[in-house]
Amino acid sequence: MSGPTEAGSPASLIGEAVRRGLRELWREESAAHERRPGVYYPSYLGYCLRKQYYIYSIGEEPTSEKLAVFATGKGVHEAVAEALGAAGDIKVEDVEKEVALDLGNGVSLSGRVDIILAEVGGRRVIVEVKSASRIPEAPQEHHLLQLQIYLNALNVEDGVLLYWDKRRGRLATFDVRRDPKYLGRAAERALLLNEYLSRGSPPPREAVMEGRLWECDTCEYRRICKPFLLEGIQEGERILVSEVDGILVDDSRRIREALVKAGVPPDSSPWRLRPELRTKFLEFYYDPANLALDARGPFADYVWRRRADGTRLIIASRRPERLRRATEEELRSMGLIWDRLLMSPDGADDDWKRRVLDRLSENYRIEEVLDRERSVIRAARRIGASTPLE
């Protein structure tokens, strides 16, 4: 028989011992790489400079998520090193090798190379191992920067980035050739971070400025940094979040004509079309010239009144970013005024607007969400917003 774990039982004691031990291992690892201004780490340097500023000025805490990543990464690194050694045809020269690089002006880089291999096709190779939830199509830029620092510091020409999918057990490898330009970029970032730390003022929100909001979603300093605070809109203000199409503008004619262009009946559902037909539909539907087919939407007057009573209007639209100028012109031509227009970024997935709501809810009182997408309506209900279109 099995049941809930009871306090003081072997199961609860072992679980707590593992958590306690992981925290201790994490602290030992952190103590070996003490964060002190002037010494910066390649594994961090590619990430948001503002986050690194807080790491040095405030410190880090071993959250449950961080401990899980730490434990998984540690296991994957050890497994890869052992597997290469057991393969027989590749010689492992060194593992976890310390590397230091003096940049001058009291600033240096310090890190640990995962694996140095000798005699791989007659070449010396550095391998940087990364565990990930999914394997990227190409090496991620911050991982490239880290590996390039090691290649340049040790004057090794060849490197390999090895990604291990920790959910499916798959792996992918990418060849990387030493490029001295990366060392210049690393030095520039380290010196810049050092300057901000010496002044005692945080750098700009780099991840936000470069559209890397996924970094902010998982950052433990976001309550201090407030990356989702919109310029010109004070924290705690009341906001209404609305889609453009079908809400602020009547896009029914544009939909019908786009369906005809795709070769299907005008009363078809555009979101149930086969991929090739949907592509044809979207080409016409998101053509800037075809926005002229739109009329003032059914909720335009309502939103105008809400904004007049002091509620801020944030538009979160599925329209692609390339339509920003055309969308602004269309809204102005219909007499609409808004406080912020958020457009769908390149490569946005189906959860993009849900994440927008979650992010905005950290700093604002979202009173109402005007949207017809079910996932957005569910997200709005979860944060306590009214959803009159469900």
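Preceding this section is the structure that the text describes.
Within every chain, residues take consecutive numbers counted from 1 along the sequence as written. Totals for whole chains, interfaces and linings use every residue, but because this is a predicted model, local features are given only for residues with pLDDT of at least 70 and side-chain atom pairs only at 80 or more, for both listing and counting. Only heavy atoms go into the side-chain values, all of them from the structure, while hydrogens and water stay out.

K.L.:
I'd like to hear about the overall build of the protein, residue by residue, with values.
P.N.:
Secondary structure summary: the protein contains 15 helices and 12 strands in total. Its C-alpha atoms give the protein principal-axis dimensions of roughly 70 × 65 × 50 Å. When the 390 residues of the protein are sorted by exposure, 43% land in the buried category. The contact criterion used throughout is that any non-hydrogen atoms of two residues lie within 4.5 Å. Relative to all contacts within the protein whose residues are 6 or more apart in sequence, the contacts with residues 24 or more apart total 66%. Lys and Arg are tallied as positive, Asp and Glu as negative. Neither His nor the chain termini are counted. In this description, the location of a charge corresponds to atom NZ of lysine, CZ of arginine, CG of aspartate or CD of glutamate. Seen as two clouds, the 63 positive and the 65 negative side-chain charges of the protein have centres 3 Å apart. Each helix is a run of DSSP H or I of at least 4 residues and each strand a run of E of at least 2, with the numbering of both proceeding from the N terminus. Summary of the burial criterion: residues with accessible area below 20% of their type's maximum are buried, those above 50% are exposed, and those between are partly exposed, where the area comes from a 1.4 Å probe applied to protein chains only.

K.L.:
So what's going on with the pairing of strand 5 (residues 158-165)? Residues and values would help.
P.N.:
Of all 8 residues that make up strand 5, 7 are buried, and the element is covered over most of its length. Pairs of strands are assigned from DSSP output, requiring at least two bridges between the strands. One ladder, built from 8 bridges, connects strand 4 (residues 123-132) with strand 5; its direction is parallel. Counted as the bridge partner of Val127 is Val160 from strand 5. We call a crossover right-handed when, viewed with the strands running away from us, the connection from the first strand over the helix to the second turns clockwise. Tracing the backbone out of strand 4, into helix 5 (residues 141-154) and back to the parallel element strand 5 gives a crossover that is right-handed. Examined bridge by bridge, strand 5 and strand 6 (residues 171-177) share 7 bridges and lie antiparallel to one another. For Val160, the partnering residue across the bridge sits in strand 6 and is Asp175. The turn joining strand 5 and strand 6, which pair antiparallel and follow one another in sequence, is formed by 5 residues; a positive phi near 80° is taken by Gly169.

K.L.:
An account of the side chain of Ser242 is needed here, citing residue identities and associated values.
P.N.:
Tracing the chain through its elements places Ser242 in strand 7 (residues 238-242). Ignoring sequence-local partners within four residues, the contact set of Ser242 consists of Ile247, Leu248, Leu313, Ile314, Ile315, Ala316 and Leu370.

K.L.:
An account of unusual backbone geometry is requested, with residue identities and associated values reported.
P.N.:
Positioned with a positive phi, Asn105 is a non-glycine residue whose angle comes to about 55°. Note that Asn105 resides in the loop between strand 2 (91-104) and strand 3 (107-120). Its identity as a non-glycine residue notwithstanding, Lys226 has a phi of 55°, on the positive side. Assignment of secondary structure puts Lys226 in the loop between helix 9 (222-225) and strand 7. Note on Lys226: relative accessible area 24%, which makes it partly exposed.

K.L.:
If you had to explain the nonpolar core to someone new, which residues and values would you point to?
P.N.:
Here the nonpolar core consists of buried residues drawn from Ala, Val, Leu, Ile, Met, Phe, Trp, Tyr and Cys, with membership extended through side-chain atoms lying within 4.5 Å. Ranked by internal contacts, the top residues of the largest apolar core, which has 37 residues, are Tyr40, Leu45, Tyr56, Leu109, Ile126 and Leu193. When residues of this core are traced back to their parent elements, those giving at least two are strand 1 (39-40), helix 3 (49-57), strand 2, strand 3, helix 5, strand 5, strand 6 and helix 6 (180-199). Not counting residues within four places of it along the chain, the set of residues in contact with Leu193 comprises Tyr40, Leu49, Gln52, Tyr53 and Tyr56. If you look at the next biggest cluster of nonpolar residues, it comprises 32 residues, including Leu240, Val264, Leu273 and Leu370.

Fair warning: the whole summary comes from geometry, so function is off the table for now.
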